[in-house]
Structure formats: structure tokens, C-alpha cells
Amino acid sequence: MAIIGKDKKMSVLEETIKGFVKEGIEVTLVYNEKYGIGYNLNTFAKSELIVYPLNDNEVLCVGRYSEKTIKAENVEVLTIDLSYMVKDCMCGRFYISGLWTAYFDKHGIDYK
């Protein structure tokens, strides 16, 4: 995984993470022996969501209860997919990071 820089061409996942960060979402790097370095989307919900790059067009999403591989063909689709996966981390509960609720409100994603 490359370091995100201004002059480097970024992967779809890196561009998506950059977009979340620019929107105010706090993303942290984590390391897992099995998957390597990933992005923790800091849901602060019932389940976490950590995203690991698999290759140029696939990412592995790991939560408390499941793992799912999704396509990362373009930033717009990956952003929507990850946003709804974050919402699903609530697992029927009513708590999640305030940063994510602000993001959902701004983008019209119903989480209540």
C-alpha cells in the first residue's frame, strides 16, 4: 500500500478514504496479521468497519460479524457502498459516531 500523497495517482479506495476524511470522518490505519494495513472507518457503532485493499479494484470489508469483498471500480460507487455498510454497522441499535450521523444527514442517508 502506498502512502497517500498530493502528486501520486491514488487507488479508488485511497480516493474514497480521502473523500471521507475531507467530509470530516476520522479514519485510522490499523494492522492485521492476516490482511495487512487497513482503514478503520471508526463507526463507534455496534460493529466496526475496517477496509483492506485486496487489489486495484476490490476491497475487503471486515466488521464485527462478517467479512465481505466488494468491487472498487469507481469512487462514487465505493463511497455509496461503504456509507451503507457503515450504516449497517448499527445492527439495529441507535448509536453511531456523530461524525457519521452528520455525514448521513448531509447526504440524505436514513439511519434512524
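Refer to the preceding data block for the structure.
What counts as what
Residues numbered from 1 in each chain as written. Predicted model: local features only at pLDDT ≥ 70, side-chain atom pairs only at ≥ 80, totals over all residues. Heavy atoms only, no water. Axes fitted to C-alpha atoms, helices over the stretch in contact; angles between N-to-C directions. Helix = DSSP H or I, 4+ residues; strand = E, 2+ residues; numbered from the N terminus. Parallel < 35°, antiparallel > 145°, perpendicular 65-115°, else oblique. Left-handed = near helix turned anticlockwise from the far one by under 90°. Contact = heavy atoms within 4.5 Å. Phe/Tyr/Trp six-rings, centres within 6.5 Å; stacked < 30°, edge-to-face > 60°. Buried < 20%, exposed > 50% of the residue type's maximum accessible area, 1.4 Å probe, protein only.

## A closer look at the packing of helix α1 (residues 12-22) against helix α2 (residues 75-88)
Two numbers describe how α1 lies on α2: the axes approach to 9 Å, and their chain directions differ by 60°. It follows from the interaxial angle that α1 and α2 lie oblique. When the axes of α1 and α2 are compared, the crossing they make is right-handed. Contact residues: α1 offers Val-12, Leu-13, Glu-15, Thr-16 and Phe-20, while α2 offers Val-75, Leu-78, Thr-79, Leu-82 and Ser-83.

## Things to note about the packing of aromatic side chains
In total, this model carries six aromatic pairs according to the counting rule given. Ring geometry for Trp-100 and Tyr-103: centres 5.4 Å apart, planes at 75°, overall edge-to-face. Taken together, the positions of Trp-100 and Tyr-103, both in helix α3 (residues 98-107) and three residues apart, correspond to about one turn of that helix. Here Trp-100 falls in the buried class, since its relative accessible area comes to 0%. Its relative accessible area of 6% is what places Tyr-103 among the buried residues. Look at Tyr-103 and Phe-104: their rings are 6.4 Å apart centre to centre, the planes differ by 70°, and that puts the pair in the edge-to-face class. Across this residue pair, the class does not change: Tyr-103 and Phe-104 are buried. Members of the aromatic cluster, each reached through a chain of ring pairs, are Phe-20, Trp-100, Tyr-103 and Phe-104.

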